[in-house]
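A look at the structure
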Amino acid sequence: MEPRRDTRWWGWGDPSEPAELGENGEAMLRERGIEAGDGRPPSLEDVEIPDASPIPDAVLDAAGRDHVYASHEDRIRHAHGQNYLDLIALRSGRLERAPDAVVVPQSAEAIGPILEACAAAGVAVVPFGGGSSVVGGVAPLKGDHDAVISLEMTALRDVEVDQRSLTARLGAGLRGPEAEALLGERGFTIGHFPQSFEYATIGGFAATRSAGQSSSGYGRFDSLVSSIRLVTPAGELSTLATPHTSIGPALREVAVGSEGTLGVIPDVDVRIRPVPAVRRYEAWIVEDFEAGTETVRRLAQADALPTIIRVSDRTETEVNLAMSMPSGAAGKIFNRYLKLRGRDGGALVIVGFEGDAASVHRGRSDTIREIKRGGGVYLGQTAGRGWEKGRFHGPYLREALLDRGVLVETLETAHQWSGHRKLYETVKSAIESELAENGMGGLVMCHLSHAYRDGASLYFTVIAGQGAEGGAVNWPKVKRVACEAIRSAGGTLSHHHATGTDHVPWVEGEIGAAGVEALGALKERFDPAGIMNPGKLLP
């Protein structure tokens, strides 16, 4: 099996899927004073990458020479993830780094010999699933080594279902839709639907502690993992397929969230559920972001969260309605709501219920009781289905904005309820101030989409002009200020995007010096030559 080549080489998704702003998007840029231009990519042949370093014969032999690829296209496709800096580098036509080769192991058993050969020869290894990291998680860094390979997991797509235990062993190379289709044939689902769902892989979900849009109902991916394998240069770590064990610290957690820095995850055992008989999505509008957040807190602490709940702040609400529903029923109800309440803004709430008819009815009753208690007004199922239809379309909209030379990027965090409002205000204010400082007219919007009894996430989206110095210079300034604001407000650097290279400078501040030393000791034990995904996770 060869590397995948079915996505845009310069960005996200299916090349045949339109990436267009449309009239509403262009109007939004004008009204918000966001400076646009031309950011369209060059031809693939015109993109400059460094010459490839030679791959030692021992590595080629271990991989099987027929499974090693070093074409211009394959090296470019594995030279980046999906963050803003990655994508504007591609569009500039010049990449500073690219893997020297792409290796596709044809089975889980082939991984160990490849890693052993790379360790002996001093070749860095970057595990590669869907390449959807937005934090530099698949950057082809060599570290102290002379060469680097991208280890693409696409051939690992096996599925084994234990219907009695409601678990499934899934190959790491399965994309989200592939896993769901194979399980769906048997009547099951994982229930894990991050925005990257269409192209992210099972291995990537595990390696980054992914969280999906339905996490309130199904759980984050790490909570769904029942057992896991990790193939390292020093041997294999595997955990027992059991619902629980009290034998020592949970070694499963060594693999989950390891971001490819210790070894390669070839497959994962996950908990599955029957495909829900009923799915209902609807939209509501509440007074403001604080009122929506308080509604979510009450639901979470009453153990009454729906499968999906998402609260947008005023800016995101205005942009969402302007972009997708200005003339529909939801837009009209929203405008009527503002007029009757004498308000100039509100917060959009999306809720989703999945299960059998009885459980959906009960869950919806509990949820709408709390939403109405918070002053919510019903916008209808049409708006909810509109969100469902476009739930994975955000990256395509980003492609359209990048084509117009607009800076667009995201970051996320989480905190306990007691510090949630301060975190939101601190981070949003810090980003807005830095944008203004650098002449980057734009907007900062946010939503809450993952909730717990003790707190919730915050997901920020920035859409702005690049400023006089350009986005490649200015965005790192904004990201640094945002991370400092997160730390000062007591939030986590990432709820579900992981560490990658982006968050490495702040890792010690979150886990402490002893925590960094502990991770370093694991690295030394499993990867003594330091070949696994250099530059990620560890300071």
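A brief structural summary. Quick caveat: nothing in here was measured; it's all calculated off a predicted structure. (Residues numbered from 1 in each chain as written. Predicted model: local features only at pLDDT ≥ 70, side-chain atom pairs only at ≥ 80, totals over all residues. Heavy atoms only, no water.)

1. With respect to the nonpolar core
Counting residues in each nonpolar core, the largest one holds 68 residues, and the members touching the most others are Ile431 and Ile463. With 7 residues, the single largest contributor to this core is helix 17 (residues 417–437). Beyond its immediate sequence surroundings of up to four residues, Ile431 is in contact with Leu411, Val444, Val462, Val478 and Ala482. (Core = buried A, V, L, I, M, F, W, Y, C linked by side-chain atoms within 4.5 Å. Buried < 20%, exposed > 50% of the residue type's maximum accessible area, 1.4 Å probe, protein only. Helix = DSSP H or I, 4+ residues; strand = E, 2+ residues; numbered from the N terminus. Contact = heavy atoms within 4.5 Å.)

2. With respect to the packing of helix 4 (residues 84–92) against helix 18 (residues 471–488)
The interhelical angle for the contact between helix 4 and helix 18, taken along N-to-C directions, is 180°, at an axis separation of 10 Å. Classified by the angle between their axes, helix 4 and helix 18 sit roughly antiparallel to one another. For the pair formed by helix 4 and helix 18, the contact residues are Tyr84, Leu85 and Ile88 on the first element and Gly471, Ala472, Trp475 and Pro476 on the second. Here the contact of helix 4 with helix 18 is built from residues that sort into 6 nonpolar, 1 polar and no charged. (Axes fitted to C-alpha atoms, helices over the stretch in contact; angles between N-to-C directions. Parallel < 35°, antiparallel > 145°, perpendicular 65-115°, else oblique. Nonpolar A, V, L, I, M, F, W, Y, C, P; charged D, E, K, R; others polar.)

3. Some points on the environment of Ala52
Residue placement: Ala52 occurs in the loop between helix 1 (22–32) and helix 2 (57–63). Each C-alpha atom, one on Ala52 and one on Ala70, is 8.1 Å from the other, the two residues being 18 residues apart in sequence. Apart from the residues within four sequence positions on either side, Ala52 is in contact with Arg75 and Asp100.

4. Brief notes about the pattern of salt bridges
A complete count under the given rule lists 38 salt bridges for this structure. The salt bridge partner of Glu2 is Arg5, with a shortest N-O separation of 2.8 Å. Residue Glu2 is classed as partly exposed on the basis of its relative accessible area of 44%. Glu370 serves as the salt-bridge partner of Arg298, at 2.6 Å between the closest nitrogen and oxygen. (Salt bridge = Lys/Arg side-chain N within 4 Å of Asp/Glu carboxyl O.)

5. With respect to the pairing of strand 12 (residues 278–286)
The side chains of a regular strand alternate, residue by residue, between the two faces of the sheet. In this structure, strand 12 lies alongside strand 14 (residues 347–355), joined through 9 bridges in antiparallel fashion. Following the sheet pairing, Val286 is matched in strand 14 by Ala347. (Pairing = 2+ DSSP bridges.)

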